[in-house]
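Inside the fold
One letter stands for each residue in the lines below.
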Amino acid sequence: FHQSQSHSHDADFSDALPALDFSVKKVGDKYRLECPQCDTLFTLSKRRHHCRLCGDVFCDACSNHRVDLPLPGPEYEKPVRVCDLCFKDVEKGNFFSMRRYITPLQLNDPTAPSGDNDDDDAGAASTANVKAALSGLTQDLNQIVQSAEGFEDKVTIPLDTLIPCITKHLNGRAGTANRAIHALATLLILGSMVGKHDFACAVYEMGKKEVLDQILSILERSGSDRKTLFVQEQAARALFYLTEPQTVASLLKRGGQASSSRTGNDGDDDDDDEGRGTIASLDILRTLKSMLDHSSMTKNIHLQRWSAATIRNLVAEDQRRACMSINEHAGRIASGEPPGKLQYTSLVDQLIGTGGIIILCSLVGSDDSDTRAHATASLGAILASTRAVDESMSALYELSGGRMGSTKKKDGDIIRAISAGGGCGSSVSQLLLSADNAVAKMGCEFLASLVQPLLTDPQGCSTLDQMYDCQKDPSGLGACREAALDLTTSSCLPALLSIVRDVGRTNRPVELRKIAMETLAATVNAIGEMGKAWANGKYEEGMSNASAPSKILQALAALNEEHVCTVALEILKSSSGESLGSNRDTPQSRIRESSGIVLGAMSSCSAEAIMELHGPEVLPTLIVSSNDACMMAPSSLRGDSAPRCVGLLETAASVMMFNWLHPSGASSTLLDRLLETLDVGIMSHLFQVMCAPIEWDSRDKSSGGMKAQAAACRLCCCIFGIAIASNTDIGIRRLMDACDADQSHQSRSRSRQSRGPRNIMEATLTVLQTSLNHGHRMLMGSSNKTLHYQAALLDLVEAALLAVGSMCGSSGAPGGVNDLIATENDLNQNNSDDRFQTRRAEVCRVACDVVVRAGRGGPALLPSMLVGGFGAGVVAGSLRLALAIAHHGSKEQHAKLASSGILVPVSDILRTALSKGELYNFSAALALVKFCGPYVSVGTGGETQAMKNSIAVVTNMLNLPVNPNASAEQMNTQGALKGQCIKTLESLSKNASLWSTISSDALPSIVQYLNGISFHEHGSKEDHEVYCSALRAVKEIVQVPSNAVAAAQSGLATSVGKLLHTLSSVPSLPDGETSTAQHDAIAVLHAMLLNQEARRYCSSGDGNILASVCSVLGAQDGSIEKIGQAAESTKVCLEILHALLQDYKLPNGALELEGDTASHFLFTLVNEPDFLKKLCSTLLTGVDDADSASTTASQTPTESTDLYGAPLVTTTSECCGYRTTGEAASAFFFAACVIASAHESPDAERFWEIVLPNSSDELLSSTDIGAIAYFPLQLLSLIQSAYAPFCQQDQTVQKIEQSLVLYRLLEVLNHLLSKYPKHDLTGEQEFDSAIISMMETFNTPAICLALCKDEALMPLAFRVLSTLMTSIPEDILPLLVEQKRSMLMLVEFLNHDIGHGDEEVQADVQAFLANALGSLTKSGLLKPAVIRHGVKSEVLSGLAAACIRDQSHVSGDDLTSSSLSSGLMHCLVDLCTTAGNGIVLSSFEAEAIARALGKKICHMVISRF
């Protein structure tokens, strides 16, 4: 503070009080009545003697020394008398002892009336001599100041003599007072220089309050003349040294501390101990006001300097008194004494109210560098004092239970006043740029005092609330943040950076760089936290969107313009920043820690800053610097005791997260960053950080550890997420290698008895569980923690959730998916490393247990997190983790999530996300509903209602119309979301308790969705999956009859019918989706159409549904690998067809053969030829009835099966009331044949053309005819054999329907037989063996013979039979008698009357039959057959009756006159004749013949013979 010696260019006021010449004068006798040394009274015998050196009077004994003095004058040519005191100085070579000045000072009475001291102008005690003595004393002291060597030898006057001699003249005339204050100031300067504060202490102890008041009076003089200003300068000097902290400390050691605290603000003191003054004698308020007044005095720059410097001392003393008073007050409270009132309160508040801060701030901008420095130091002292007093008041508040003290912080008002006064402007930057390191250090310390609480206070470095505005924060930390903004946007920032940069300069000591770097760290950290509060994870863009305060944006821009991140990174890379592996708190370690804080703060809110760190070597540098023994130690810089590496970890996490969120360049770049971090051993470092103990009981120290673990968790989130998201398995394989290596290292280094995590995954899960437990206790109010603790804890919970989410398989970057859709592909990456698959499953299991309960038996935490109970930031992380567990966890974990109550908040998230357009939250919540919804039990809390609400939201999403003006990307996004909604409904449909809700709310939307998309072979796999999901969703709920009715009413049957028809035309789709869709669609139709009420709303009459089901069966693939599914499909489809067939029947069960309904039915069938052919093939190959004349599949000719292709895949299970699915298919086919037979239309012709292909062709080979004829012969056989599927309960209906079909079949057979090739020579037909075999197999003659009973069928049947008999009688005749029934019918039809009056036809038939019998008789077939079948009596009776019948049409009585009768008689004779030509008849047979032919035979015999 001795600046005056180095500013010779400043205005010098010393000439206003010029030096005076001093000469020793003998003291008059009247002043000394006794010896001043031994107190001997002077008498006539005790004479007075003058000391020639000091001029005072002594007795002879006290002045009995003779010495040579180097003084001018004749009397000094020989040794002269000197006193004992002066002799001591002379012995030391001091021939000009200061004692010569003491004599006039002691003898002069400054309080005497004017003239009393000047009666002898030449006297030693005159005022003029006193002035000269004071002037000489001052000159001698100044010389010693110039060279303080041998100080003790030059100043030998005792303090109790010297100090009173000077201070007594402070209250005298202006002349002596001026000289006295000058001398006192010089003496105090000397004492301070030599480190001897006894002079200043003596002023207090001897002068007491009176002297101090006198000094203040001098300082308070009015006037601005040079002399006044000079004298006031000396008074200011004196007060500076009197208030130095060292002086105060010395006084307190002397025992003055006891009374100092009993002094009030007015400066009045109590009785001093032993009559000695103390520091309490100083009136701080009066002194402070005076100094503030003179600090603005620009005429005397020296006065301004000393005033500004003294203010700092006064503030320190004010702090000491205030804290001492508070402490004494607290002591009384602690001891149970009445506390009373505080004896002293700080004056800092008055500095703000009186404008003292403004004055000092104005001095900071002074042109004089020393004044700026002193003013800056004073402002810093004011801040330090305020904070110290506030801490004491807070402690008192706690101790008294709120009755005394206060928790209000006042430093904010000081800081704001400093900022308003320009205390952070260019003036301070000039101090920083000063070449004098001491001045630069003072400037750094001042700026540090403004912003340092942002690091040293745990609340200062805590996470801020969203959209935090420091201008609205009345606290001191809010003011500090304002100061940080002012500092950054002023010239102080580049000035600080110039000190921080390590560019080889040697004139900036490391201690100064440390202070500058810490100041920069506190400043940047505050701006980073404020920026992060406005950015919402989107950096500068987020701040701009949120309309962040312009000051924050300007400050951030200034930091980026100055490349603060580059500077900090250079410090980390510089050799001076390297650690020696020690955890000692060195300036170098503080600088590196501060660099990490700067990088962490900038990377948390600025994308531009992260891009500045976007390089291949940045992440390794950060990790290596962080993983240092020095950086792992607890920080002494931060108030939260975080590890020194926390800033570096946060930076690495931010850089990796940004690269993950915003990938640029090649896709391998992100993988390269991952491999870089793995190569430098990041996993071991992160494991060490996560396993570091945290003092959870400490509200301050715990927050730092939580921040470090949160940064480590975010790094884990990025590492695992990037590895999973990689297109190759390199990332996950290398990551697992690193985890295995770390686990192996940990197992070697830990003892067998030690417990704890074994690898990084277990460590992360432990962090999650611990943080959730503490968070739960905090939310429940069982732990009273501060806001910064809560912010750190909730941030740790969020980070742990993100890390565990990535470990559970989530590959989506958190915070970057707000505009994306969470799809299953994001979570189901194809990683081939089995180690990860196994560990992921285990992590999912443990994580599920952790988040669904707080400790053992505790309540579920996940619902609380999803509703924001742990803070808004935790919602996204918990949603991401829950989604990962849902995708990759087991069904057991799905059930646990559902039972935890998660679906209630998820439903709210779903609704809110849809209304706000938050696509990721919507899709994530939708996925959770899909996975967990099926496990909701009826009546469990509000989960069921939540699911119903979710279904309503999903329905609203499906009903959202497509904006025609939307982009293709927007349309695709909306389509994808709707697809997820459909899949969710499919999953929920597995929960029977939700069926009614889905039916009432979602079913119409599902139908609308199905109508709105098309299922075709060119569609994407996702579209096909969604379509199938919609079908499966409906398939479940329509099992309930009422739901089936609702589905039918919504038009679902039509939609599904169209789908089935489309599927039948799709050749193939990947992964078997076609068959899956068909199966589900058929099941849906089956449920609706088998419900009679639902079928009313299915529009089955239009044929669309019929066509779709027929198309499915027509396209059926009978391959071995699909045979089981095809058989089931056949059964279900046939049940549908029979259900549809009910709509084509009359009440009596008969088919409706006329009208539009039948026409539609027929039209639909003929447009499904493949289906009809399969029915035909099924009828040909699948019928196996022991009671029928049908054949089996093995007997069917190949040519016939080739006409129709493969049959339907059938089963032996019961279907539609029939024994097998084959019978059900036959029944439906027969119904179709009935309708086709009853219609005379092109569609009917097409039907028969499909069923009997090529039958209408004119040119047919015998092979073709055989192949075609086989099917109608099969049908004829089945009908005649009363095949169950062809029969009806109503015999009348059955007869009509069968007749229609038989008529058509006979027509076809007649046509085919007529087209059989003729023999070239004879012109007759010659059937090949295949046709003959078919006739024999089906016994066609017998069938035709039976059909002749029907008058409508008789002509056609007779024609067929006649053709066969004519062409191949030898093959046909045995068939007529092969069966008993046919033989009897043969005889019966001889006597049958067709009843329509066509005698010619009847005669032809009877003639044919008679000829047939005759042929049988001639061939010898009749008699054996009659005997074999045991029908001789019936045949004889019939033949006899036929003879009579025929004779009735012939004239005469001769039976042989008619060829018919003649032939029949031959038959009778043959049957009756034995081998010996005898006739053997039973009485019954004889009687039968007699009754019929007796009379005729008699007449014939009589006529003949």
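Bear in mind that the values here come from a model prediction, so they are computed numbers and not experimental data.

1. Description of the overall build of the chain
Across its full length, the chain holds 69 helices and four strands. Counting over 1505 residues, the chain shows a buried share of 56%. Contacts in the chain between residues far apart in sequence, at least 24 positions, make up 73% of those at least 6 positions apart.

2. Observations regarding the packing of helix 19 (residues 476–488) against helix 23 (residues 550–561)
Where helix 19 meets helix 23, the axes come as close as 9 Å, and the angle between the chain directions of the two elements is 50°. Relative to helix 23, the element helix 19 is oriented oblique. Of the two possible hands of crossing, helix 19 and helix 23 adopt the one that is left-handed. For the pair helix 19 and helix 23, the contacting residues are Leu485, Asp486 and Thr488 in the first and Lys551, Ile552, Ala555, Ala558 and Leu559 in the second.

3. Quick look at the pattern of salt bridges
Within the structure shown, the criterion is met by 47 salt bridges. With a closest N to O distance of 3.9 Å, Arg1246 and Asp1243 form a salt bridge. Linking Arg1246 with Asp1243, this pair stays in helix 57 (residues 1242–1251), spanning three residues, or about one helical turn. The exposure class assigned to Arg1246 is partly exposed, which follows from its relative accessible area of 36%. One connected set of salt bridges, linked through shared partners, spans Glu511, Lys514, Glu518, Asp585, Arg590 and Arg644.

4. Digging into helix 32 (residues 701–725)
Between its first and last C-alpha, helix 32 extends 37 Å over 25 residues, near the 36 Å set by a 1.5 Å rise per residue. Most of helix 32 is tucked away, with 22 of its 25 residues classed as buried.

5. Looking at the side chain of Asp56
Relative to the assigned elements, Asp56 resides in the loop between strand 1 (49–50) and strand 2 (57–58). Classification of Asp56 as buried rests on a relative accessible area of 4%. In this structure the side chain of Asp56 is engaged in a polar contact, spanning 2.8 Å, whose partner is the side chain of Arg32.

6. Describing the side chain of Ser434
Secondary-structure assignment places Ser434 in the loop between helix 16 (426–432) and helix 17 (437–451). Here Ser434 is in contact with Val439, Ala440 and Arg508, once residues within four sequence places are set aside.

7. What to know about unusual backbone geometry
Of note in this structure, Lys208 is not a glycine but carries a positive phi near 55°. The phi angle at Tyr539 is positive, at roughly 60°, despite the residue not being glycine. Structurally, Tyr539 can be placed in helix 22 (residues 539–545). Classification of Tyr539 as buried rests on a relative accessible area of 9%.

8. Looking at the environment of Cys1443
For Cys1443, the position within the fold is in helix 67 (residues 1432–1447). Taking the relative accessible area as the measure of exposure, Cys1443 reaches 0% and is therefore buried. When the C-alpha positions of Cys1443 and Ala1410 are compared, they lie 9.7 Å apart, and in sequence the two are 33 residues distant. Residues contacting Cys1443, with those up to four places away along its chain left out, are Ser1461, Leu1464, Met1465, Leu1468 and Leu1493.

9. What to know about helix 2 (residues 99–107)
Three- or four-residue spacings in an α-helix give side chains the same orientation, since the helix completes a turn every 3.6 residues. Counting buried residues along helix 2, eight of its nine residues qualify, which places the element largely inside the surrounding structure. Taken as a whole, helix 2 has its buried residues at Arg99, Arg100, Tyr101, Ile102, Thr103, Pro104, Leu105 and Leu107. Residues of helix 2 that are buried in the fold lie against helix 1 (84–91), helix 3 (127–146) and helix 5 (159–167).

10. What to know about the environment of Val203
You can see Val203 is positioned in helix 7 (residues 198–219). Considering only alpha carbons, one finds Val203 and Pro164, 39 residues apart in sequence, at a separation of 8.1 Å. For Val203, the residues in contact, after removing those within four places along its chain, are Ile163, Leu184, Leu188, Lys208, Val211 and Leu242.

11. Description of the packing of helix 24 (residues 564–573) against helix 27 (residues 618–626)
The geometry of a pair of packed helices is captured by two quantities: the angle between their axes and the separation between those axes. At their nearest, the axes of helix 24 and helix 27 sit 10 Å apart, and the two run at 55° to each other. In terms of axis orientation, helix 24 runs oblique to helix 27. Handedness of the crossing formed by helix 24 with helix 27: left-handed. Counted together, Leu569, Leu572 and Lys573 of helix 24 and Val618, Thr621, Leu622 and Ser625 of helix 27 form the full contact between these two elements. The class makeup of the residues in the contact of helix 24 with helix 27 is four nonpolar, two polar and one charged.

12. Focus: the environment of Ala1150
Among the structural elements, Ala1150 can be located in the loop between helix 52 (1123–1141) and helix 53 (1156–1166). Remark: the alpha-carbon pair of Ala1150 and Asp1290, spanning 140 residues in sequence, is separated by 8.4 Å. When neighbours within four sequence positions are excluded, Ala1150 is seen to be in contact with Tyr1144, Lys1145, Val1293 and Glu1297.

13. Some details on the confidence of the model for the chain
Confidence in the prediction of the chain, expressed as mean pLDDT, is 81, and 87% of residues score 70 or more. Put simply, helix 36 (residues 824–827) is where the chain has its lowest mean pLDDT, 46, and helix 23 is where it has its highest, 93. In this model residues 1185–1194 is a low-confidence stretch, pLDDT under 50, and it forms 25 contacts with partners more than four residues away in sequence or in other chains. Segment residues 1319–1323: pLDDT under 50, and four contacts once partners within four positions in sequence are set aside and those in other chains are kept.

The rules behind each value
Residues numbered from 1 in each chain as written. Predicted model: local features only at pLDDT ≥ 70, side-chain atom pairs only at ≥ 80, totals over all residues. Heavy atoms only, no water. Helix = DSSP H or I, 4+ residues; strand = E, 2+ residues; numbered from the N terminus. Buried < 20%, exposed > 50% of the residue type's maximum accessible area, 1.4 Å probe, protein only. Contact = heavy atoms within 4.5 Å. Axes fitted to C-alpha atoms, helices over the stretch in contact; angles between N-to-C directions. Parallel < 35°, antiparallel > 145°, perpendicular 65-115°, else oblique. Left-handed = near helix turned anticlockwise from the far one by under 90°. Salt bridge = Lys/Arg side-chain N within 4 Å of Asp/Glu carboxyl O. Expected span 1.5 Å × (residues − 1). Polar contact = N/O pair within 3.5 Å; in protein donor to acceptor, adjacent residues only side chain to side chain. Nonpolar A, V, L, I, M, F, W, Y, C, P; charged D, E, K, R; others polar. pLDDT = per-residue confidence, 0-100.

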